[in-house]
Amino acid sequence: MNLWEPALPAIGPNEHHKDPAMLKALLALLLLLPLAAQAGDADFFIAAKPNEQASLLQAWAAQPDPARLALLSAMQQGRLGADDTRKLRLNNRLRGLLDNALASHQLLSDDATLRLAAARQLQKSAQPAQVAFLDRRFAGEPDAAVHAALGLALANLQLADSNPAVRLAAVRLLGETGDPMARTRLETLLDPAVETDAGVRTAAETSLAQVKRKLLIGELLGQAFSGLSLGSILLLAALGLAITFGLLGVINMAHGEMLMLGAYTTYVVQVLVQRYAPGALEFYPLLALPAAFAVSAGVGMLLERTVIRHLYGRPLETLLATWGISLILIQAIRLIFGAQNVEVANPGWLSGGLQVLPNLVLPYSRIVIIGFALCVVLLTWLLLNRTRLGLNVRAVTQNRNMAACCGVPTGRVDMLAFGLGSGIAGLGGVALSQIGNVGPDLGQSYIIDSFLVVVLGGVGQLAGSLWAAFGLGIANKLLEPQIGAVLGKILILALIILFIQKRPQGLFALKGRVID
Amino acid sequence: MKRRSLIKAFTLSASIAAMGLSWSIQAAETIKVGILHSLSGTMAISETSLKDMALMTIEQINAKGGVNGKMLEAVVVDPASNWPLFAEKSRQLLTQDKVAVVFGCWTSVSRKSVLPVFEELNGLLFYPVQYEGEEMSPNVFYTGAAPNQQAIPAVEYLMSEEGGAAKRYFLLGTDYVYPRTTNKILRAFLHSKGVADKDIEEVYTPFGHSDYQTIVANIKKFSAGGKTAVISTVNGDSNVPFYKELANQGLKATDVPVVAFSVGEEELRGIDAKPLVGHLAAWNYFESVENPVNTQFVSDWKAYAKAKNLPGADKAVTNDPMEATYVGIHMWAQAVEKAKSTDVDKVREALAGQSFKAPSGFTLTMDKTNHHLHKPVMIGEIQDDGQFNVVWETESPVRAQPWSPFIPGNDKRPDYAVKGN
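Computed from a predicted structure; not experimentally measured.

Cut-offs and rules
- Residues numbered from 1 in each chain as written.
- Chains lettered and ligands numbered in written order.
- Predicted model: local features only at pLDDT ≥ 70, side-chain atom pairs only at ≥ 80, totals over all residues.
- Heavy atoms only, no water.
- Helix = DSSP H or I, 4+ residues; strand = E, 2+ residues; numbered from the N terminus.
- Buried < 20%, exposed > 50% of the residue type's maximum accessible area, 1.4 Å probe, protein only.
- Contact = heavy atoms within 4.5 Å.
- Buried area = accessible area lost by both parts, 1.4 Å probe.
- Salt bridge = Lys/Arg side-chain N within 4 Å of Asp/Glu carboxyl O.
- Polar contact = N/O pair within 3.5 Å; in protein donor to acceptor, adjacent residues only side chain to side chain.
- pLDDT = per-residue confidence, 0-100.
- Core = buried A, V, L, I, M, F, W, Y, C linked by side-chain atoms within 4.5 Å.
- Domains from an automatic or database assignment.
- Pairing = 2+ DSSP bridges.
- Axes fitted to C-alpha atoms, helices over the stretch in contact; angles between N-to-C directions.
- Parallel < 35°, antiparallel > 145°, perpendicular 65-115°, else oblique.
- Left-handed = near helix turned anticlockwise from the far one by under 90°.
- Nonpolar A, V, L, I, M, F, W, Y, C, P; charged D, E, K, R; others polar.

Novice: So, the environment of Q210 of chain A: which residues are in play, and what are the values?
Specialist: Residue and element names in this part refer to chain A. You can see Q210 is positioned in helix 13 (residues 198-247). Relative accessible area serves as the criterion here: at 29%, Q210 is assigned to the partly exposed category. In the structure, Q210 is positioned 32 residues away from G178 in sequence and 8.1 Å away in space, judged by C-alpha atoms. Look past the residues within four positions of Q210 in its chain and what remains in contact with it is G175 and E176.

Novice: Report on the interface of chain A and chain B, specifying residues and quantitative values.
Specialist: On the chain B side, the residues contacting the 54 residues of chain A number 56 residues. Summing both sides of the interface, chain A and chain B together bury roughly 4,300 Å²; the carbon and sulfur share of this comes to 45%. Taken as a group, N92, W323 and Q340 of chain A account for 15% of the area that chain A buries against chain B, more than any other trio of residues on that side. Linking chain A with chain B are eight salt bridges, by the criterion used here. A salt bridge links D211 of chain B to R366 of chain A; the shortest N-O distance between them is 3.9 Å. For the interface between chain A and chain B, the tally reads 16 residue pairs in polar contact (both at pLDDT 80 or more).

Novice: Residues and numbers for the confidence of the model for chain B, please.
Specialist: All names here are of chain B. For chain B, per-residue confidence averages 88 on the pLDDT scale, and residues scoring 70 or more make up 93% of the total. Across residues 18-27 the pLDDT falls below 50, and counting only partners more than four positions away or on other chains, this stretch makes 11 contacts in the model. Two numbers describe this predicted complex: its pTM, 0.81, and its ipTM, 0.77.

Novice: So what about the pattern of salt bridges? Which residues, and what values?
Specialist: If you walk through the whole model with that rule in mind, you get 31 salt bridges over all chains. A salt bridge links E381 of chain B to R95 of chain A, with the nearest nitrogen and oxygen atoms 3.1 Å apart. Residue E381 of chain B is found in strand 13 (residues 378-382), and its partner R95 of chain A is found in helix 7 (residues 92-106); the two belong to separate chains. Each of the two residues, E381 of chain B as well as R95 of chain A, counts as buried. Taking the shortest distance from any N to any O, the salt bridge between R91 of chain B and E120 of chain B comes out at 3.0 Å. Of the two residues, R91 of chain B sits in helix 3 (residues 83-95) while E120 of chain B sits in helix 4 (residues 108-121), which places them 29 residues apart along the sequence. Note on E120 of chain B: relative accessible area 53%, which makes it exposed. Several salt bridges share partner residues, and in doing so they unite R366, K477 and E480 of chain A together with D211 and E245 of chain B into one network.

Novice: If you had to explain the nonpolar core to someone new, which residues and values would you point to?
Specialist: With 125 residues, the main nonpolar core has Y169, L172, I231, F261 and W332 of chain B as its most contacted residues. No other element matches the nine residues that helix 11 (residues 320-339) of chain B contributes to this core. Per-domain counts for this core show at least three residues from each of domain 1 (2-20 + 27-145 + 293-370) and domain 2 (148-288 + 379-412) of chain B. Residues within four places of I231 of chain B in sequence aside, it is in contact with V155, L158, Y169, F170, L171, L172, L186, V259 and F261 of chain B. Grouped together as the second largest cluster of nonpolar side chains are 74 residues, L235, A242, L259 and L329 of chain A included.

Novice: Provide a residue-level description of the pairing of strand 2 (residues 360-363) of chain A, including the pertinent values.
Specialist: Successive side chains on a regular strand alternate, one facing one side of the sheet and the next facing the other. All names here are of chain A. Side-chain alternation along strand 2 places L360 and L362 on one buried face and V361 and P363 on a second face that is also buried. The pairing of strand 1 (residues 353-357) with strand 2 spans four bridges and is antiparallel. From the neighbouring strand, L357 faces strand 2, where its bridge partner is L360. Here strand 1 hands over to strand 2 after two residues, the two strands then running antiparallel side by side.

Novice: Tell me what's going on with the packing of helix 22 (residues 462-483) of chain A against helix 7 (residues 213-223) of chain B, and back it up with residues and numbers.
Specialist: A packed helix pair is summarised by two numbers, namely the angle formed by the two axes and the spacing between the axes. One can describe the packing of helix 22 of chain A onto helix 7 of chain B by two numbers: an axis separation of 10 Å at closest approach and a directional angle of 45°. In this view, helix 22 of chain A runs oblique relative to helix 7 of chain B, as classed from their interaxial angle. As helix 22 of chain A packs across helix 7 of chain B, the resulting crossing turns out to be right-handed. In this structure, helix 22 of chain A contributes K477, E480 and P481 of chain A to the contact, and helix 7 of chain B contributes Q213, T214 and I215 of chain B. For the contact of helix 22 of chain A with helix 7 of chain B, the residue count by class is two nonpolar, two polar and two charged.

Novice: Explain the domain arrangement of chain A to me, and be specific about the residues and the numbers.
Specialist: Looking at the assigned domains, one finds that chain A contains domain 1 (4-203) and domain 2 (230-455). Computed from C-alpha atoms alone, the centre-to-centre distance between domain 1 of chain A and domain 2 of chain A is 51 Å.

Novice: How would you explain the domain arrangement of chain B if you had to name every residue and give the values?
Specialist: Residues and elements named next belong to chain B. Here the domain parsing of chain B yields domain 1 (2-20 + 27-145 + 293-370) and domain 2 (148-288 + 379-412). Between the C-alpha centres of domain 1 and domain 2 there is a distance of 27 Å. At the junction of the two partners, domain 1 supplies 42 residues and domain 2 supplies 37 residues. Buried area between domain 1 and domain 2, both sides added, is near 3,200 Å², and the carbon and sulfur share of it is 57%. Of all residues in domain 1, I45, Q130 and E134 give up the largest surface area on contact with domain 2, accounting jointly for 20% of the area buried on that side. Where domain 1 touches domain 2, the interface holds two salt bridges. For E287, the salt bridge is made with K302, and the minimal N-O distance between the two is 3.4 Å. In this structure, the connection of domain 1 to domain 2 is made through 18 residue pairs in polar contact (both at pLDDT 80 or more). Within the residue set of the side of domain 1 that touches domain 2, elements represented by two or more residues are helix 2 (44-63), helix 4, helix 10 (292-307) and helix 11. By residue class, the composition of the side of domain 1 that touches domain 2 is 17 nonpolar, 16 polar and nine charged.

Structure follows, in structure tokens:
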């Protein structure tokens, strides 16, 4: 409490001289505060008008009091206290000020990691009124990492200091960060009207060049990552097709619906887990993987046995039949689940992202999907090249009659291979449900991309699909910032058409005598 | 290409078959009412509930004895988010089913596609969604907001201290007529407020776009240059991946608020709303507004959804276009009573000045000349339960300016409806 008394007169005037009535109200509030118990803060806050609430938060941020920490933490959760049922309505501005005030209070904590997070928050949000407080904490901070982070937060504010030497030190310090905000702050200092000291201006120029270099690295890494991520999604969407279309030669228009079935299975698993085992909700995507594989593979094998096997060697009829099946599946899903999209929530460990550089966050969901895609490719490759089933599949693909002569049960192999392709599509559906929409039309939006990947990669080649997916993903992401998403998509399509004209067999062609 | 035309042929023939089976038995004692909303495709997320709302309203009117002593009979068709199919379906409604009025369309591109049909056949369309203006057909009544009833107040709010005092604006939209025109108006408006071109960025994505990584990275980069707000005219289910990406890349509403013109309670049903708390939407109605008319409206809708066993009925919500549909149908019914006829020309005349106590808590009036409703403007922040907390609203309904003064040449446009405009 004693923190309050000496600084009281300094709080209001620089902020609120425009509004004397409000100032008076605020001062009255502040004067009353030390007398009241801490629960009183909550009452004052809830009774105040939004403008006064903002001033109150600003004042709290400049003059933190450890006893208020609990209240501020609760407020961030939308409550006024652990056992307070009153509803707290905040808007964006108040929420921002609250984050800042809370960070200010967390600096007083004994926990170094909490202080570090608080210092990082203050780098973004600290206000000039907090300089004195930050200065004190900076001087007394024992932990090196927190000390450095606080130094940066302080440097941002010191750019406006009246002493050129302080400004110079701040500018030099900012040059060492890759913070995108630092760039704008330094840019304003280049103007002689803003920054009168020539020495500081030159230092700002050097620091700016440093910051820009660091930002560029972050940007390039970010583009490469989004390319890889898009590639992994294309790969998951196309991998099943690489088997059903690539190896078996079935023009499977219902492939997209296998993805959709996988995504809906994820939804059903989520609902079931929510209902019967809420404790395991965090891990429902893992449970969904085998379920989605089983459902899609089951439907795939059923289709193969009932429809597709009668149509081998008749591509046009297969195309029409599978397309009809896709419409039936879409309509069936629409009848069961409705035409609306269903909500598939990301579990905690798939939400948020990893902050690699100040301007580069890699979302966990995308990292996991890239890893997952590579795992699926690896498993598929092992299955096709290291198991008896794989050997049979390859034999049947290359020469059905000869394989049959050697005793390979071609019918069963066809069914299993089709099931495998569909099952992999189901796995893709689980991944897609984590980043996009889950609706009856989900498959429709991926079927074209899937065929593109398989055709571009070279029919019958897993490796081709891998390269084609990542190639398309990266090319797409390189083009998008330059010419926009719409034109980028058109250009990619045009390039693929040209490429296929030049090289109809795709990137990788099967060598040897392939029977069609 | 082949696939698409096949789809079209299939749906068309299937629906014609269905029509022939079901609707030819009814006698002439009813008034037929067309409902033209996409029940499949990328817009189904938004439009399906409008169809159900229209059916509920019609049921309620019938329960009170119908209109002019006749029952209303709904004719529902599915144009499947396919713009040319909208025109075919509306022609079918007007010529084969001979409906007295059509309630329908969401996207402006679908409205533009049916407009020539309605003008040619002198039909009557009620359009329930906020849109870009620049249109005033004698055959259409617009019960959604014009830009000055939604987009411009929203940007004014972002500029205010309470809204975060944004200095830079990232205009993100789906690539079609509504976002492009709205952004043209907003750019002119921002210019008039002294925002320079370097502080405005305009980006478009195709319908159904699902990869927002690059765009969110660009928003982040852009926002480093000063307090930024995103103005989103992204339509349909693309909103889900966009908001998911925003949350995953750690862009919070306190740093960069996103104000959306096409995201309401219904769209948020498909998203986990917790990471979105604080993002904004501008509409003329929210489910959370508190007044007796709205309490009745919301409970009617929830009961209807449960009774009809609509998908997700336990979590049924109302939203602005649903309210506009509800108001539109009631106003049309009132006008038919007043005109004592369903004749389009007589109903059009009777509609001018018609008023209705709406769930938004205001009495809305159909303008005497410009075919638009006078509407209040509200700005809401997303709450963690997927509802909106109204943070700002106008004191009274605002008259629509379909011809935005921020587009050059509009000062010469007449303030009444003319064909072919």
